Amino acid sequence: GTINFDSITQSVLYYTTNSSGNWTINIRGNSGTTLNSLLSTGQAITVAFLATNGSSAYYNNVVQVDGTTSGVTTKWQNAAPSSGNANSIDTYTYTVLKTGSGTFTVLATQTKFV
């Protein structure tokens with residue numbers, strides 16, 4: 001499914017229940033405010049999403065800003081994940097840089113905690 005990350009009200013989101021499938025993260029201001037309207041070109045925010053995995057290793061496979069991948073370039077540290085980590089908490093950090101109107105570069109990482 002899609003997880004809406006409302007950056008106006010949180011900088012860390014922790015899901016303590018085991019993941020049930022791969023997911024899309026949608027980073028936005030909130031349901032009524034776009035991140036595009038909150039940031040000026042050249043500004044950035046950093047947020048973290050913590051996902052608990054049981055015996056199945058699910059992971060974040062799509063990154064959106066304001067509900068779309070259009071205008072969003074995601075660059076993963078080393079390489080984009082192709083799986084999560086079983087029986088662990090995977091922590092994803094996203095630094096979202098506004099590079100122009102409706103355009104963003106997202107620097108993303110996945111870290112395993114056991």
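Whatever comes next refers back to the structure up there.
Owing to the predicted nature of the structure, the values given are computational and were not obtained by experimental measurement. (Residues numbered from 1 in each chain as written. Predicted model: local features only at pLDDT ≥ 70, side-chain atom pairs only at ≥ 80, totals over all residues. Heavy atoms only, no water.)

J.: Account for the environment of Thr41, with residues named and values stated.
T.: Mapped onto the fold, Thr41 is located in the loop between α1 (35-38) and β4 (44-53). Exposure remark for Thr41: the relative accessible area of 53% places this residue in the exposed category. Once the C-alpha coordinates of Thr41 and Val114 are considered, the two residues, 73 residues apart in sequence, prove to be 38 Å apart. Thr41 has contacts with Lys98, Thr99, Gly100 and Ser101, leaving out every residue within four places of it along the chain. (Helix = DSSP H or I, 4+ residues; strand = E, 2+ residues; numbered from the N terminus. Buried < 20%, exposed > 50% of the residue type's maximum accessible area, 1.4 Å probe, protein only. Contact = heavy atoms within 4.5 Å.)

J.: Please set out unusual backbone geometry residue by residue, giving values where relevant.
T.: Of note in the backbone geometry, Asn78 takes a positive phi value of approximately 70 degrees without being a glycine. For Asn78, the location among the structural elements is in the loop between β6 (72-76) and β7 (88-100). In this model, Asn87 sits at a positive phi of 55 degrees, which is unusual for a non-glycine residue. Looking at the element boundaries, Asn87 is found in the loop between β6 and β7.

J.: Tell me about the nonpolar core, and please be specific about residues and values.
T.: The biggest cluster of nonpolar side chains holds 23 residues, and the ones touching the most others in it are Ile25, Ile27, Leu35, Phe49, Tyr94 and Val96. What Val96 contacts, discounting residues up to four positions off in sequence, is Ile27, Leu35, Leu39, Gln43, Ala44, Ile45, Val65, Phe104, Thr105 and Val106. (Core = buried A, V, L, I, M, F, W, Y, C linked by side-chain atoms within 4.5 Å.)

J.: Outline the sheet that holds strand β5 (residues 60-65), supporting the account with residue identities and numerical values.
T.: Pairing in this open sheet of three strands is parallel, and the strands run β1-β3-β5 from one edge to the other. Of all the strands in the sheet, the pair left with one neighbour each is β1 (2-6) and β5. Each strand axis lies, on average, 25 degrees off the axis of its neighbour in the sheet, ignoring direction. When strand β3 (residues 23-28) meets β5, the two strands line up parallel, connected through five bridges. (Pairing = 2+ DSSP bridges. Axes fitted to C-alpha atoms, helices over the stretch in contact; angles between N-to-C directions.)

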